[in-house]
Amino acid sequence: MNDEQPRDPHTEVHRVADPDATRVASYLAQPGEVGRVLLLYSGGLDTSVMLKWIQDEYEAEVVALTVNLGQPGEDYDVVRGKAMQLGALDCHVVDAREEFASEYVAPAIRANADYGDGYPLFTALGRPLIAKLAVEYARRTGCDTIAHGCTGKGNDQVRIEATIATLAPELKVIAPVRSWQMGRDEEIAYARKHGIPVKGGTETAPYSIDDNLWGRSSEGKWIEDLAHAPDDDVFQLVTRPELAPDEPEIVTVGFEAGVPVSLNGERLKLVDLLERAASIGMKHGVGIVDHIEDRIVGLKVRDIYEVPAAAILLKAHRELERLVGTIHQNQFKPELDRKWAYLVYAGLWWEPLREDIQAYVEHVNTRVTGTIGLKLYKGSVRVVTRESPNAVYDAQLATFADSGGLFSQSASPGFIEIWSLQSRMARRARGDQ
Ligand code: ARG
């Protein structure tokens, strides 16, 4: 407040209003309300600083929760050890890979889930599950508040807080990164002061990474400069296409009711299948996406995505679905798919419309059974074979020879005359002859 400013008696009244009037959301915790906090803990710098900061700032107890959604190369014993060392009452590590695969990724495959032409939603799909688990563990461990490490500029805060507010109206939320005004340097200084181990050098900030078994994103550093073509070091998952094998590889994906069940004829559990598809894709350089995205909160942002499993499986699913669908179904479904993807992207996983759309999507997918073969070669994925007992396809009908019966070539002119009727009438009505 600036005391040099002349005082306006009208605004003065508002300055003494009760604190609730300045509270922007009912689910945000006020300092006095925080007794025990469930912290969504990744083991990274932000949430490690937070673990200590919450204990100091709120004089609260902290229970940590780390969710395994198949982040490659994570050592959960190390993460847990770090949380305990920083004073957590407990650190729960939940392996949610199966639930993530079957309840989040499988519906996304059936809905050909893609946002903004290239983003298969792996983060957006993971957040509602992570937040749902946070609610479960908060209740189970007697926490009154959930804390997360999202910033105030991204989509993840929306996804996590919308989930908590929807599923657990009794729980409060704190989002320290949004309010603590520490930049990276201050966080490192805080970490040093409190004996929090800091990985890597302090000079260059790392990329901001989020990953799970459906993909990986990188943000920050040069990625924010739209004119800067990707530096090689951002690709930690997918082999750069120019370094991929000189020999192509064919992979076949078997589907039942819209969900992949086998790779190259081998039946696999979904988690294993997703991981296997990812590693084949990584080897051949597929699934690199350089994406400009419209965030929920209005900003545009650039992400570098590495989505090898999605590049293979979404392409295969879309192809098989089109083969078993009619022209009308095939024109209609992408509209619903787009809406489904947008609701998920926008943090509204718990919105009834998402379930309504999903019911339709699932019904269509009861027929999406069969096998798609794809050729992977230096960054490209191309469908080369298709096969389904439900294909709306008849090789005989498709050949040039008149097969009679269902389709008679001699009937086509009558169809064309009627099909073109309105166009011809309209042209005449406009006086163009
Ligand atoms: N832009 C993507 C999304 O909004 C990825 C976000 C990744 N999250 C992160 N905290 N780095 O879903």
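None of the values given here were measured: they were computed from a predicted structure.

## Side note on the packing of helix α11 (residues 327-345) against helix α12 (residues 352-365)
Remark: α11 packs on α12, axes separated minimally by 10 Å, with the N-to-C direction vectors making an angle of 140°. The orientation of α11 with respect to α12, classified from their angle, is oblique. For α11 against α12, the interelement crossing comes out left-handed. Together, Phe332, Lys333, Leu336, Asp337, Lys339, Trp340, Leu343 and Val344 of α11 and Leu353, Arg354, Ile357, Gln358, Tyr360, Val361, Val364 and Asn365 of α12 make up the contact between the two elements.

## Regarding the site of the ligand
In the vicinity of the ligand lie 14 residues, with Tyr119, Asn155, Asp156, Arg159 and Glu293 positioned nearest. Arg159 is positioned with one of its side-chain polar atoms (N or O) 2.8 Å from an oxygen atom of the ligand. When the ligand is considered free in solution it has 350 Å² of accessible area, and contact with the protein chains removes 88% of it. Of all the secondary-structure elements, those providing two or more residues to the shell around the ligand are α5 (122-140), α6 (156-167), β6 (208-212), β7 (215-219) and β12 (300-306). Among the residues making up the shell around the ligand, the classes are represented as 3 nonpolar, 4 polar and 7 charged.

## Brief notes about the packing of aromatic side chains
Pairs of aromatic rings are described using the distance from one ring centre to the other and the angle between the two planes. For the structure on display, the rule yields 14 aromatic pairs. With 6.0 Å between their ring centres and 85° between their planes, Tyr119 and Tyr345 make a pair best called edge-to-face. In this pair, Tyr119 sits in the loop between α4 (97-110) and α5 while Tyr345 sits in helix α11, placing the two residues 226 residues apart along the sequence. Per residue, the accessibility class of Tyr119 equals that of Tyr345, and both read buried. Look at Tyr207 and Trp222: their rings are 6.0 Å apart centre to centre, the planes differ by 85°, and that puts the pair in the edge-to-face class. Of this pair, Tyr207 sits in the loop between α8 (184-193) and β6 while Trp222 sits in the loop between β7 and β8 (249-256), and the two are 15 residues apart along the sequence. The exposure class of Trp222 is buried, given its relative accessible area of 9%. A connected cluster of aromatic rings, assembled from ring pairs, spans Tyr115, Tyr119, Phe122, Tyr305, Tyr342 and Tyr345. In this structure, Arg159 is placed above the aromatic ring of Tyr345, and the distance from its NZ or CZ to the ring centre is 5.0 Å.

## Looking at the sheet that holds strand β11 (residues 288-294)
Reading across the sheet, the 4 strands line up as β6-β7-β12-β11 and stay open at both edges, with antiparallel pairing between neighbours. Of all strands in the sheet, those bounded by a partner on one side alone are β6 and β11. For this sheet the average axis-to-axis angle between neighbouring strands, irrespective of direction, equals 25°. Note: β6 against β7, 5 bridges, orientation antiparallel. Bridging from a neighbouring strand, Ser208 pairs with Glu219 of β7.

The rules behind the values
- Every residue gets a number counted from 1 within its own chain, in the order that chain's sequence is written.
- Given that this is a predicted model, residues contribute local features only at a pLDDT of at least 70 and side-chain atom pairs are listed and counted only at 80 or more, while totals for whole chains, interfaces and linings are drawn from all residues.
- The basis for every side-chain value is the complete set of non-hydrogen atoms in the structure, without hydrogens or water.
- Every axis in this analysis is a line fitted to C-alpha atoms, fitted for helices over the stretch in contact. Angles between the N-to-C directions lie between 0 and 180 degrees.
- Helix and strand definitions follow DSSP, with helices as H or I runs of at least four residues and strands as E runs of at least two, each counted in order from the N terminus.
- These descriptions rest on fixed angle ranges, namely under 35 degrees for roughly parallel, over 145 for roughly antiparallel, 65 to 115 for roughly perpendicular, and the rest for oblique.
- Left-handed describes a crossing whose near helix is turned anticlockwise from the far helix by less than a right angle; the clockwise case is right-handed.
- Here, residues are in contact when the closest pair of their heavy atoms is within 4.5 Å.
- Being near a molecule or strand, for a residue, means having at least one of its heavy atoms within 4 Å of it.
- Side-chain atoms alone can form a polar contact between residues adjacent in sequence; in general such a contact is a pair of N or O atoms within 3.5 Å, and within protein one must be able to donate a hydrogen while the other accepts it.
- Calculation of accessible area relied on Shrake-Rupley with a 1.4 Å probe; when residues are assessed, cover is drawn exclusively from the protein chains displayed.
- Ten residues, namely Ala, Val, Leu, Ile, Met, Phe, Trp, Tyr, Cys and Pro, are considered nonpolar, four, namely Asp, Glu, Lys and Arg, are considered charged, and the remaining ones, Gly among them, are considered polar.
- Centres within 6.5 Å are what make two rings of Phe, Tyr or Trp a pair, Trp counting through its six-membered ring; a difference in plane orientation under 30 degrees is then read as stacked, over 60 as edge-to-face, and the rest as tilted.
- Under the scheme applied here, a residue whose accessible area is under 20% of the maximum for its type counts as buried, over 50% as exposed, and between as partly exposed, the area being computed with a 1.4 Å probe on protein chains only.
- Any Lys NZ or Arg CZ found within 6 Å of a ring centre and within 35 degrees of that ring's normal is scored as a charge over the ring.
- Paired strands, in this sense, are two strands between which DSSP finds at least two bridges.

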